[in-house]
Amino acid sequence: DPSHWLVKAVGATVTPEAAVIGKDQELVYLGRIDDRHVDFGQKRAEPSQRDLQNALDAIVAGTAVPVARTKAVGCFISDPAPAGE
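Predicted, not measured: the structure shown is a model, and the values here were computed from it.

Cut-offs applied
Residues numbered from 1 in each chain as written. Predicted model: local features only at pLDDT ≥ 70, side-chain atom pairs only at ≥ 80, totals over all residues. Heavy atoms only, no water. Helix = DSSP H or I, 4+ residues; strand = E, 2+ residues; numbered from the N terminus. Buried < 20%, exposed > 50% of the residue type's maximum accessible area, 1.4 Å probe, protein only. Contact = heavy atoms within 4.5 Å. Areas by Shrake-Rupley, 256 points an atom, 1.4 Å probe, with all protein chains shown as cover.

Caption draft 1: Broad picture of the overall build of the chain. Across its full length, the chain holds two helices and six strands. Each helix and strand of the chain, placed in order from N terminus to C terminus, yields the pattern α-β-β-β-β-β-α-β. By the burial criterion, 28% of the 85 residues in the chain qualify as buried. At a minimum sequence separation of 6, the contacts of the chain that also span at least 24 residues come to 48%. Of the accessible surface of the chain, which amounts to about 6100 Å², a share of 55% is contributed by carbon and sulfur atoms.

So, in structure tokens, the structure goes:
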């Protein structure tokens, strides 16, 4: 996504951040993959919440995503360089 059109379309702000688009092309989940990274430099051995997996499981089951937005911990996504740079 060199021009960041997907980043802009879903509203992603950090990497890694997961976005799930539903069958009607609506954003059904945006956020962390799991809660392994609590904050910068603070990491759990194992995640206690698997947010992306929970969202995907709900979609497959045909139910609403239980938590549609979570806060991802990561580096901010900067605007792409103008063409030719």
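Next comes the rest of the description.
Caption draft 2: Summary view of unusual backbone geometry. Along the chain, Thr15 connects to Pro16 via a cis peptide bond; the corresponding omega equals 5 degrees. Turning to its location among the elements, Pro16 is positioned in the loop between β1 (14-15) and β2 (18-21). Phi is positive for His4, which is not a glycine, with a value near 65 degrees. Summarising the element assignment, His4 is placed in the segment before α1 (5-10). Looking at His4, the relative accessible area reads 16%, which means it is buried. Positive phi, close to 65 degrees, is recorded for Gln25, a residue that is not glycine. Inspection of the secondary structure puts Gln25 in the loop between β2 and β3 (27-31).

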